[in-house]
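# Reading the structure
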Amino acid sequence: MSMDNKAYHQLKEKASRFIWNELEPMAEEIDKTARIPKTELWPKFRDHGFFGLVVPQEYGGSDLSVEQYVWFEKEWAKLQGGIRVILHVHNLGADIVAHFGNDKQKQELLPRVATGEIS
């Protein structure tokens, strides 16, 4: 079950403000140095739910459909390639566990993946 439209649009609006007001000014420096400031950005990614976008709600994620998730992929790609890759690979791994993991793996991993505790 994917996120309902109202909640999805609220998530997108919050994410868009964050991406274009806070991350975009950092993009050029990230490109120049080839370094993503993990200690600064990971807490913000957690706060915006970026680590749990495709994780089922029962494990603390947003449970976005593929169609809903693609918007985030496009915005990250417009912003900065490295950020896009990191967040996509994280969400791809979460999606694999959600679809192919056994119950124990899902229970142990997905709540921690959704919060970015493990990445």
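Attention here is on the structure that accompanies the text. Computed from a predicted model, the values in this text were never measured in an experiment. (Residues numbered from 1 in each chain as written. Predicted model: local features only at pLDDT ≥ 70, side-chain atom pairs only at ≥ 80, totals over all residues. Heavy atoms only, no water.)

## Side note on the packing of aromatic side chains
The final tally for this structure, using the stated rule, is eleven aromatic pairs. Ring geometry for tryptophan 42 and phenylalanine 45: centres 5.5 Å apart, planes at 45 degrees, overall tilted. Placement of the pair is tryptophan 42 and phenylalanine 45 together in helix H2 (residues 38-47), with a separation of three residues, close to one helical turn. An angle of 45 degrees between the planes, with centres 6.1 Å apart, marks the rings of tryptophan 42 and phenylalanine 51 as tilted. A connected cluster of aromatic rings, assembled from ring pairs, spans Phe18, Trp42, Phe45, Phe50, Phe51, Tyr69, Trp71, Phe72 and Trp76. (Phe/Tyr/Trp six-rings, centres within 6.5 Å; stacked < 30°, edge-to-face > 60°. Helix = DSSP H or I, 4+ residues; strand = E, 2+ residues; numbered from the N terminus.)

## As for the pattern of salt bridges
One pass over the structure, following the stated rule, counts six salt bridges. For glutamate 22, the salt bridge identified is with lysine 44, shortest N-O distance 3.4 Å. Of this pair, glutamate 22 sits in helix H1 (residues 5-33) while lysine 44 sits in helix H2, and the two are 22 residues apart along the sequence. Ionic pairing is found between lysine 78 and glutamate 75, a salt bridge with its closest N-O pair at 2.6 Å. Here the residue lysine 78 and the residue glutamate 75 both occupy positions in helix H3 (residues 66-79), the gap between them amounting to three residues, near one helical turn. (Salt bridge = Lys/Arg side-chain N within 4 Å of Asp/Glu carboxyl O.)

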